[in-house]
Amino acid sequence: MDKFDHAIIAQLRQNARASVSAIADEVGLSRSAVTERIKKLESSNVIRGYQVMLSESQKEGVAAYLEIQHKRARCTDVVPHFRAIPEVVSCYGVTGECDLIVLIRADTMRRLHEIREHIDTIDDIIKIKTHVVLNQWLG
């Protein structure tokens, strides 16, 4: 990735619905060059998709980040447990006291609690710390 790819990504982060013409004007490339670069970024999974971001007042359900500590040698050994839970939005291996950060979006607080209790029954899991999202200002 070069400076143009980074600039295109920055423009798409600001407005994923921006026209190719508008992005081309901002980054100083032709429309065809921007189109080709976006296609390459998508096909190489640098850009994995686009999404609608609702304001908190339009969202239903509850979101929470779980800090997970496990006893396996590698994080990839426990990730399949999280893939099996449909409400898991993302799972990150991180540095620090915990091993993984898992984002969950559930329809209800009760469902979030059920998911957390299920995760707690997994033998490889040592500790779970839950952070319920109260508001979101960016992203």
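About the cut-offs
- Residues numbered from 1 in each chain as written.
- Predicted model: local features only at pLDDT ≥ 70, side-chain atom pairs only at ≥ 80, totals over all residues.
- Heavy atoms only, no water.
- Helix = DSSP H or I, 4+ residues; strand = E, 2+ residues; numbered from the N terminus.
- Polar contact = N/O pair within 3.5 Å; in protein donor to acceptor, adjacent residues only side chain to side chain.
- Contact = heavy atoms within 4.5 Å.
- Salt bridge = Lys/Arg side-chain N within 4 Å of Asp/Glu carboxyl O.
- Buried < 20%, exposed > 50% of the residue type's maximum accessible area, 1.4 Å probe, protein only.
- Pairing = 2+ DSSP bridges.
- Axes fitted to C-alpha atoms, helices over the stretch in contact; angles between N-to-C directions.
- Domains from an automatic or database assignment.

The name an unreviewed UniProt entry assigns to the chain is DNA-binding transcriptional regulator, Lrp family, from the organism Marisediminitalea aggregata.

## Describing the side chain of Asp124
Topologically, Asp124 is positioned in the loop between helix 5 (109-120) and strand 4 (125-132). Within polar-contact distance, the side chain of Asp124 engages the side chain of Arg72 at 3.2 Å. Discounting residues that sit within four places of it in the chain, Asp124 has contacts with Gln69, His70, Lys71, Arg72, Val78 and His81.

## Details of the pattern of salt bridges
Scanning the model with the defined rule gives eight salt bridges in all. We note a salt bridge from Arg111 to Glu87, for which the minimum N-O separation is 2.9 Å. Of this pair, Arg111 sits in helix 5 while Glu87 sits in the loop between helix 4 (79-83) and strand 2 (88-93), and the two are 24 residues apart along the sequence. According to the relative accessible area criterion, Arg111 is partly exposed, its value standing at 28%.

## A short note on the sheet that holds strand 1 (residues 62-70)
Strands belonging to one sheet form pairs held by backbone hydrogen bonds; the direction of such a pair is parallel or antiparallel. Pairing in this open sheet of four strands is antiparallel, and the strands run 2-3-1-4 from one edge to the other. In this open sheet, the two edge strands, each paired with only one partner strand, are strand 2 and strand 4. Averaged over all pairs of adjacent strands, the angle between their axes in this sheet comes to 20 degrees, without regard to strand direction. Note: strand 1 against strand 4, seven bridges, orientation antiparallel. Within strand 4, the residue paired with Gln69 across the bridge is Lys127. Helix 5 contacts strand 1, strand 3 (100-106) and strand 4 of the sheet and is inclined by roughly 165 degrees relative to strand 4.

## A word on the pairing of strand 3
Counting buried positions over the seven residues of strand 3 gives five, a clear majority of the element. Pairing geometry for strand 1 and strand 3, over seven bridges, is antiparallel. Paired with Tyr65 across the bridge in strand 3 is Leu103. Here five bridges tie strand 2 to strand 3, and the two strands are oriented antiparallel to one another.

## Remarks on the domain arrangement of the chain
On domain assignment, one finds that the chain holds domain 1 (3-44) and domain 2 (62-132). One C-alpha centre belongs to domain 1, the other to domain 2; they are set 35 Å apart.

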